[in-house]
Amino acid sequence: MIGKVMKEEYRFSKIEKKWQAIWKDKEIFKIFEDPSRPKFYCLEMYPYPSGRIHMGHVRNYAIGDVISRFKNMRGFNVLHPIGWDALGLPAENAAIERGIHPQEWTLGNIAYMKKQLKRMGFSYDWSREVNTCLPEYYQWCQWIFLKLFEKGLAFRQKSRVNWCPKCCTVLANEQVISGLCWRCDSIVKQKVMEQWFLKITDYTEELLNGHEQLKNWPEHVLAMQRNWIGKSTGAHITFPVKGSEKKIEVFTTRVDTIFGATFLVLSPEHPMCAELLAGSAEEDKHLEWINRKIEEQKLMREEGEAEKEGIDTGKKAVNLFSGEEIPIWIANYILMEYGTGAVMAVPAHDQRDFEFAKTYSLPIKEVISPDGKPSESELEQAAEAYGFVINSGDFSGRPSKEAMEEMAHFAEKKGFGQKSTLFRLRDWGISRQRYWGTPIPIIYCTKCGIVGVPFENLPVMLPHDVKFHRGEGSPLEKVEKFVKTKCPKCGGDAKRETDTMDTFIDSSWYYFRYCSPQEEKLPFRPEASDYWMPVDFYIGGVEHAILHLIYSRFFCKVLRDLGLTKIDEPFPHYLPQGMVTKDGSAMSKSKGNVVDPDEIIQKYGADTLRVFVLFASPPEKEFAWDEKGIEGAFRFLNRVWFFFQENFDLFLKENIVDEKEKPDEQVLSRVKTKMHQTIKKVTIDIDKRFHLNTAISSIMEYFNQLKADREVLRNSKDGQALLMESMQKLILLLYPFAPHMCEELWEKTGNSKMLAETFWPSFDPESAIEEKMTIVVQINGKLRDKFEVERGIAEKDVKGQALNLERIRTIMDNKPARKVIYIKDKLVNIVL
């Protein structure tokens, strides 16, 4: 018997505003340290305030919100903060283009984006909001810099740096992508400048070893970091320059091939190039060639696409292993930033050297053989594999690995080499010649030299009255009131540093500031950090694998060594969410395929948008925008809404059937089992697998089961009780995904406490066991059949069940199976 239907339209806009106001008024998501409860720190990478949030933001923050709400319902004390990565070049460029101050542009964008995030209903503790462009934040960037300066980890030196001619600023090595500026894609040039650096190389080994603690990071992200840090074990060997007291040092990972070195080759940036060419007939021509190669785009040099070019210096070096004199060349394929900028070229066993030797008709000498015997024919390409050493004097006949040890020991004993380890990672250049960044707290005094600003004088604030311009030099250089100051040591006239810090400084420690954002004596309160850190679940794009994530790991270790924290790694669990695409490519304004979240919220509501971006694909996979998909999510929420409308009478104690009415036990059992199975699956999908899309799918299946059995359930008292319980469980499961609608339904079903204050449902393990399981059968890798078996039997003998079925034998043409692969108890691959 169906009760009186209360058809109330799903007015999502009204409902969402209502619950957002209630959450705000009751400070539901405001959180404090509570030692009596287990903590959970969930964090999404904070946004740059570019003007509007985009679908990538929505997806990222929706993932974090589901995890946060779920953990809160599981009894955890959840820290879920948000803030703004607010300094940086785009704001300064906007100031130039629009004629407004970067601060005005940035704060205006923050206000608008904050409103957007609140419309999405994310469970942020807004009392912990941080904004990196405010002095209350960046003074602590300056404090940390001064501490590093005291420890010798911040230093200034003249060096060749990456210069973006369009942004008019220096870039760190990590900000040069295939020779191009990471922000504007301009070709990066080389320039010699005085710069400030952080000694990240002091932590290189620890950054590598720390990967052991990052078991919940994707392997490809760890691999990206390993490749960037670039640890190489080998030997440093010196080659005397004939007729000179000079020596050229090389680093090699294959000292076993040194008898095959037929020439030395230097990077155009090597400091000895000019000296080696001095006095030669074509000195000016060769120096011009060198300067041209230094300025060439790194795109060609790094990716090996440029034709290999070189010049012979006319000088010779001595191979102290063989006693041979070999020519010294300068070539465009040798990079100064790796090793010593000089390489012993072994063309028989290095493909790049082989190609260069062929181009310039240089000797190729084979010294490694797979079987200890020389090749009978001329090499057509370099043989780079290990083998046995040949043509190498007393070392001949030894396996490569053994020879490497003996040769390195021999060089060390004779005083012209030693075993060593080299890293690709270079110290972090942080000086930027722009205005909208954290001022570097340094003063230059003609008498006292380089002096740090006293801690009590922090922050060094950005002056507001600045004239902005495009071109070289920081706008701060022109602000006399900022530049001119007094030396804190001698009181004499002095000048301030006018470079600002790389904005990655700001984001390298912001997660600590969230722990105690109102702290006024330190960057963060150690007691609060000890409670909240590390971040338990960190979500953000994989494009930050090298820049942000390496810098943050470095800062965490520095802050540990400063005594501010006890942890080694800030993010033990990292989830890189997939990008959002439309029409086959990433959403971008330039491609005209951006979908505005505001328009979607206006048309369908925030809950619909949340459900759709989480349902369409697993969080770590790419998500393709589909208008039909958003409509499908909207229809699902409407069906749930109207289903409750049609059954609210049960909660109002109306239409209660006669107690003597017999329930349909089969239906009751089916619904009860499905309820416990769904609770179990959704719990595991959120808590263990982070497959939010399959969690939503299970909720949808559960809802469909309730709809199918509703009429039967309403015909008995036990059935109605189970239907009411099932409906409330449905609300609890759906709440992290669609919190506004669920809070409304929860209230309408007679609950006084909000869902935000309610515990997650538990399941009965016995009731949650699936009686049958589906086995997928593949023949030679192709799907050929599916069948159900009793779970108990299946768990014991899936392979046997598959092979004994007549239909499987028919598919196999009664051929014997050469191999049966049993995968994760649900798939059998039979190889014939």
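Conventions we followed
Residues numbered from 1 in each chain as written. Predicted model: local features only at pLDDT ≥ 70, side-chain atom pairs only at ≥ 80, totals over all residues. Heavy atoms only, no water. Helix = DSSP H or I, 4+ residues; strand = E, 2+ residues; numbered from the N terminus. Salt bridge = Lys/Arg side-chain N within 4 Å of Asp/Glu carboxyl O. Pairing = 2+ DSSP bridges. 1 Å grid on protein atoms, 1.4 Å probe; cavity = no way out; pocket = protein on both sides within 12 Å on 5 of 7 lines; lining within 4 Å. Points joined across faces, edges and corners; volume = space filled by probe spheres on them. Nonpolar A, V, L, I, M, F, W, Y, C, P; charged D, E, K, R; others polar. Axes fitted to C-alpha atoms, helices over the stretch in contact; angles between N-to-C directions. Contact = heavy atoms within 4.5 Å.

Novice: Let's hear about unusual backbone geometry: which residues, and what values?
Specialist: Leaving glycine aside, a negative phi is the common case for residues, and trans is the common case for peptide bonds. Here the residue pair L458 and P459 is connected by a cis peptide bond, since its omega of 5° sits within 30 degrees of zero. Even without glycine at this site, E27 takes up a positive phi of about 50°. Within the secondary structure, E27 is located in the loop between α1 (12-25) and β1 (39-44). In this structure, N391 takes a positive phi of about 50° despite not being glycine. Its location among the elements puts N391 in the loop between β17 (388-389) and α12 (400-414).

Novice: Give a detailed account of the pattern of salt bridges, specifying residues and quantitative values.
Specialist: The final tally for this structure, using the stated rule, is 52 salt bridges. E744 is paired through a salt bridge with K18; the nearest N and O atoms lie 2.9 Å apart. Here the residue E744 occupies a position in helix α25 (residues 739-748), and K18 occupies one in helix α1, the gap between them amounting to 726 residues.

Novice: Tell me what's going on with the sheet that holds strand β2 (residues 77-79), and back it up with residues and numbers.
Specialist: Ordered by their spatial adjacency, four strands build an open sheet running β2-β1-β26-β27, and the pairing between neighbours is parallel. In the strand order of this sheet, the two ends are held by β2 and β27 (574-575), each with one partner. Bridge count between strand β26 (residues 537-539) and β27: two bridges; the pairing is parallel. Residue pairing in the sheet places Y538 in a bridge with Y574 of β27.

Novice: Give me the lowdown on empty space enclosed by the protein, citing residues and values where you can.
Specialist: Considering all chains together, one arrives at one cavity of 30 Å³ or more under this definition. Volume-wise, the largest cavity comes out at about 190 Å³. The element best represented in the lining of the largest cavity is strand β6 (residues 169-171), accounting for three residues. Its residues placed into classes, the lining of the largest cavity shows seven nonpolar, six polar and five charged.

Novice: Tell me about the sheet that holds strand β11 (residues 247-252), and name the residues and values.
Specialist: Taken together, three strands build an open sheet; the order of strands is β11-β10-β18 and the sheet is antiparallel. In the strand order of this sheet, the two ends are held by β11 and β18 (417-422), each with one partner. Across the sheet, the mean angle from the axis of one strand to that of its neighbour is 30°, orientation sign disregarded. Bridging between strand β10 (residues 232-240) and β11 involves six bridges; their strand directions are antiparallel. Pairing of F239 across the sheet is with I248, part of β11. This element, α12, spans β10 and β18 of the sheet and lies at about 120° to β18.

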